[in-house]
Amino acid sequence: MADEEEEIILSDLDDAELVEQMMDDLYDGLKDEITEGVNILLERGWAPYRILTEALVAGMTIVGKDFRDGILFVPEVLLAANAMKAGMSILKPLLAETGAPTIGRMVIGTVKGDIHDIGQNLVTMMMEGAGFEVKNIGINNPLENFIEAAGEFDADILGMSALLTTTMPYMKVVIDAMKEQGIRDDYIVLVGGAPLNEEFGRAIGADAYCRDAAVAVETAKEFMARRHNRVSA
Amino acid sequence: MSLPGDPSGAPGGMTAPDDALNSDGLAPTGTGRVLVLACGALAREIADLIRLNGWAHMDLACLPAILHNTPDRIAPALRAAIETHRPRYDRILIGYGDCGSGGGIDALCEDYGLDRLPGPHCYAFYEGVDRFLAHDEEIGAFYLTDFLARQFDAFVIRPLGLDRHPELREAYFGHYDKVVYLAQTEDPHLDAAARAAARRLGLDYERRATGCGDLGSALARA
């Protein structure tokens with residue numbers, strides 16, 4: 001019947017069609033289809049890094065854009081993220097083996113008193129997809145956790161997240177402690193979370209406020225490029 | 001004070017069903033010199049306080065409660081409502097806390113020289129702001145009020161997609177440990193609804209009878 005959708009056999013698609021289909025499947029949060037698509041591309045000899053960037057990150061970027069534009073909402077973004085996570089769990093060990101390029105290193109966590117980690121988990125995933133090594137230190141972190149983790153991980157970037165108006169001021173406590181210890185300028189400090197804005201980011205002495213995961217990736221890349229330029233100048 | 005649970009709604013006897021308060025808000029009656037411009041989630045309690053205290057000088061208008069799910073939209077919506085209503089009233093009291101606006105509502109109040117309700121959100125002023133903020137140990141609590149207990153599906157389950165995708169429960173609530181129902185009224189049905197909500201989220205349950213906390217005194221000053 002013409003009005004019945006035909007089932008798509010992923011392995012019957014050529015590479016370009018498959019990547020396009022995977023981006024659709026990611027948008028629709030279809031975890032099993034993404035897993036299958038990743039495995040097919042690997043069997044066809046695609047490099048893990050190419051699958052990551054051309055299928056998964058590209059697809060997730062569309063999801064992020066539509067979230068920003070109010071076309072998609074949090075549940076759809078979470079489902080897409082779960083699908084991407086399924087694909088990344090296959091690719092991650094392979095990426096480590098094949099020596100994929102690393103742009104920079106980041107420690108990220110939610111501040112003390114706050115247990116909301118959806119945003120920082122999305123940022124972690126997108127940063128990893130963009131070639132950053134990320135240590136996610138989870139929720140409810142006192143300043144010691146941030147500072148110790150950043151030192152131990154040899155981070156370039158320190159990311160802090162908060163969902164609550166009552167917890168976001170703690171970001172300043174962390175930054176002030178970094179200043180006191182003379183290590184503030186060793187790191188690019190990025191902050192994010194629903195109640196924050198650019199003005200708040202500036203006021204607490206962060207390098208930038210990132211309104212969503214895609215912006216976090218672009219901002220991190222920009223700051224890393226500036227840092228490299230400074231070092232090589 | 002604890003309210004008797006009268007569902008009759010806004011000043012002037014206007015009935016305001018919860019689903020309308022959630023999605024549409026509430027229009028003012030046009031009487032009184034002081035307008036309380038509040039969140040739809042507070043409409044019943046504020047209307048009841050106005051009625052019980054005989055505050056005939058006070059009118060009530062509400063923005064849709066569901067704005068809470070996109071807190072960055074609250075201050076712009078309030079600004080538009082202030083512009084609409086202020087020619088008709090001597091004073092406006094903003095019936096919101098900070099409500100996740102990250103200082104946006106405070107900035108708005110400063111622009112217009114208005115006051116808002118005390119504390120970061122309704123959970124705080126229902127329990128009493130000082131008492132609420134002393135709950136350092138309670139970061140894993142998901143709070144419900146009477147309104148949220150009644151509107152749990154419309155306000156929490158459906159917007160979070162948990163009706164269609166219950167597997168997302170862990171992503172949203174994995175770090176929570178209990179539902180705390182801050183009860184404005186003595187209502188066994190709401191207690192049961194809040195308890196059912198906790199069960200649905202897989203969390204422990206606690207009921208705390210708060211009445212309206214600091215809400216009544218804040219309104220009395222308006």
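Counting starts from 1 at the beginning of each chain's written sequence and moves along it residue by residue. Both sets of labels track the order of writing: A upward for chains, 1 upward for ligands. With pLDDT at 70 or above as the cut-off, local features in this predicted model cover only qualifying residues; side-chain atom pairs require 80 or more to be listed or tallied, and sums for whole chains, interfaces and linings still use all residues. Excluded from the side-chain calculation are hydrogens and water; included are all heavy atoms of the structure.

**Overview of the packing of helix H6 (residues 143-152) of chain A against helix H7 (residues 170-180) of chain A**
All names here are of chain A. What counts is decided by this rule: Only C-alpha atoms enter the line fits that serve as axes; for helices the fit covers just the stretch in contact. Angles between N-to-C directions range over 0 to 180 degrees. Runs of E in the DSSP output that reach at least two residues are strands. Runs of H or I that reach at least four are helices, and both are numbered from the N terminus. The labels follow the angle: roughly parallel below 35 degrees, roughly antiparallel above 145, roughly perpendicular from 65 to 115, and oblique for the rest. The handedness criterion is simple: a crossing whose near helix is rotated anticlockwise from the far helix by less than a right angle is left-handed, and one whose near helix is rotated clockwise is right-handed. The contact rule is simple, with two residues in contact once any of their heavy atoms fall within 4.5 Å. For this classification, Asp, Glu, Lys and Arg are treated as charged, while Ala, Val, Leu, Ile, Met, Phe, Trp, Tyr, Cys and Pro are nonpolar and the rest, including Gly, are polar.
Two numbers describe how H6 lies on H7: the axes approach to 9 Å, and their chain directions differ by 50°. With respect to H7, the element H6 is oriented oblique. In the crossing of H6 with H7, the sense of the turn from one axis to the other is right-handed. Counting all contacts with H6, which are made through Leu143, Phe146 and Ile147, the residues of H7 involved are Tyr170, Val173, Val174, Ala177 and Met178. For the contact of H6 with H7, the per-class residue count stands at 8 nonpolar, no polar and no charged.

**Re the packing of helix H1 (residues 15-27) of chain A against helix H3 (residues 48-68) of chain A**
Residues and elements named next belong to chain A. For the pair H1 and H3, interaxial distance at closest approach is 9 Å and the crossing angle is 45°. Here H1 is positioned oblique relative to H3, judged by the angle of their axes. Note that H1 runs across H3; the crossing there is right-handed. Residues Val19, Met22, Met23, Leu26 and Tyr27 of H1 pack against Glu54, Ala55, Leu56, Ala58, Gly59, Met60, Ile62, Val63 and Asp66 of H3.

**A look at the sheet that holds strand S1 (residues 34-39) of chain B**
Residue and element names in this part refer to chain B. The condition is simple: By definition, two strands form a pair when at least two bridges between them are found by DSSP.
Taken in spatial order, the 4 strands line up as S2-S1-S3-S4 in an open sheet, and their pairing is parallel. Across the chains shown, the open sheet's two edge strands, defined by having one partner strand only, are strand S2 (58-63) and strand S4 (115-116). This element, helix H2 (residues 43-53), spans S1 and S2 of the sheet and lies at about 175° to S2.

**So, the nonpolar core**
As a reminder, the rule being used: Buried Ala, Val, Leu, Ile, Met, Phe, Trp, Tyr and Cys residues that are joined via side-chain atoms within 4.5 Å together make up what is termed a nonpolar core. Relative accessible area decides the class of each residue, using a 1.4 Å probe on protein chains only: under 20% of the type maximum gives buried, over 50% gives exposed, and in between gives partly exposed. Note that domain bounds follow an automatic or database assignment of domains.
Membership of the largest hydrophobic core comes to 81 residues, with the highest contact counts inside it found for Ile94(B) and Tyr96(B). No other element matches the 6 residues that S1(B) contributes to this core. Built from parts of two domains, this core gets at least three residues from each of domain 1 (11-117) and domain 2 (129-209) of chain B. Formed by 49 residues, the second largest nonpolar core is a distinct cluster that contains Leu26(A), Leu41(A), Ile157(A) and Ala220(A).

**Concerning the domain arrangement of chain A**
Residue and element names in this part refer to chain A. Rules: Accessible area that two parts lose when put together, evaluated with a 1.4 Å probe and summed over both, is termed the buried area. Here, a salt bridge means any side-chain nitrogen of Lys or Arg that lies within 4 Å of a carboxyl oxygen of Asp or Glu. Pairs of N or O atoms within 3.5 Å make up the polar contacts considered here, provided that, within protein, one atom can donate a hydrogen while the other can accept it, and that residues adjacent in sequence are counted only when both atoms are side-chain atoms.
Domain parsing of chain A yields domain 1 (10-98) and domain 2 (105-232). Computed over C-alpha atoms, the centres of domain 1 and domain 2 are 26 Å apart. At the junction of the two partners, domain 1 supplies 13 residues and domain 2 supplies 10 residues. On the domain 1 side of the interface with domain 2, the three residues burying the most area are Arg68, Leu78 and Met88, jointly 39% of the side's total. Inspection of the domain 1/domain 2 interface yields 2 salt bridges. A salt bridge links aspartate 212 to arginine 68; the nearest nitrogen and oxygen atoms lie 2.6 Å apart. The interface formed by domain 1 and domain 2 includes 2 residue pairs in polar contact (both at pLDDT 80 or more).

**Concerning the interface of chain A and chain B**
Listed as interface residues are 18 residues of chain A and, on the opposing side, 19 residues of chain B. Taken over both partners, the interface formed by chain A and chain B buries close to 1,400 Å², and the fraction arising from carbon and sulfur atoms is 67%. Three residues stand out in chain A for area buried against chain B, namely Pro75(A), Leu79(A) and Ile115(A), and they jointly supply 35% of the buried area on that side. Across the chain A-chain B interface, the total number found is 1 salt bridge. With its nearest N and O atoms 3.7 Å apart, the salt bridge here joins Arg164(B) to Glu76(A). Where chain A meets chain B, there are 3 residue pairs in polar contact (both at pLDDT 80 or more). Of the residues contributing to the side of chain A that touches chain B, the split by class is 9 nonpolar, 7 polar and 2 charged.

**Section: the state of the cysteines**
Residues and elements named next belong to chain B. Our working definition: Disulfides are defined as cysteine sulfur pairs within 2.5 Å.
Inspection of the entire model under this criterion finds 0 disulfides over all chains. With no disulfide of its own, cysteine 62 lies 7.3 Å from the sulfur of cysteine 39, the closest cysteine sulfur. Judged by its relative accessible area of 5%, cysteine 62 is buried.

**Some remarks on the pairing of strand S6 (residues 178-183) of chain B**
Residue and element names in this part refer to chain B. Applicable threshold: The handedness of a crossover follows from its direction of travel: if, with the strands pointing away from the viewer, the path from the first strand over the helix to the second runs clockwise, the crossover is right-handed.
With 5 of 6 residues buried, S6 is to be regarded as a mostly interior element. In terms of strand pairing, strand S5 (residues 141-144) meets S6 through 4 bridges, oriented parallel. When the bridges of S6 are listed, tyrosine 143 appears paired with valine 180. In this sheet, strand S7 (residues 204-209) lies alongside S6 in parallel orientation, the contact comprising 6 bridges. Bridge pairing in S7 places valine 179 opposite tyrosine 205. After leaving S6, the chain enters helix H10 (residues 188-201) and then returns to the sheet as S7, a path that is right-handed.

**Side note on the domain arrangement of chain B**
Residues and elements named next belong to chain B. Here the domain parsing of chain B yields domain 1 (11-117) and domain 2 (129-209). In this structure, domain 1 and domain 2 have C-alpha centres spaced 24 Å apart. Contacts between the two partners involve 12 residues from domain 1 and, on the opposite side, 8 residues from domain 2. Sorting the residues of domain 1 by area buried against domain 2 places Asp18, Asn22 and Glu45 first, and these three jointly supply 49% of that buried surface. In this assembly, domain 1 and domain 2 are joined by 1 salt bridge.

**A look at the packing of aromatic side chains**
We count it as follows: Here is the rule: rings of Phe, Tyr and Trp (six-membered ring for Trp) pair when centre to centre is within 6.5 Å. Planes less than 30 degrees apart are stacked, more than 60 are edge-to-face, and the remainder are tilted. Remark: a charge is flagged as sitting over a ring if the NZ atom of Lys or the CZ atom of Arg is within 6 Å of the ring centre and within 35 degrees of the ring normal.
Evaluation of the coordinates by the stated rule reveals 8 aromatic pairs over all chains. Ring centres 5.6 Å apart and planes at 90° place the aromatic pair Phe142(B) and Tyr176(B) in the edge-to-face group. Highlighted residues: Phe142(B) in strand S5 and Tyr176(B) in the loop between helix H9 (169-173) and S6, separated in sequence by 34 residues. Accessibility classification places Phe142(B) together with Tyr176(B) in one group, the buried group. Through successive ring pairs, a cluster of aromatic residues spans Phe142(B), Tyr172(B), Phe173(B) and Tyr176(B). Between the NZ or CZ atom of Arg50(A) and the centre of the ring of Trp46(A), over which it lies, the distance is 3.6 Å.

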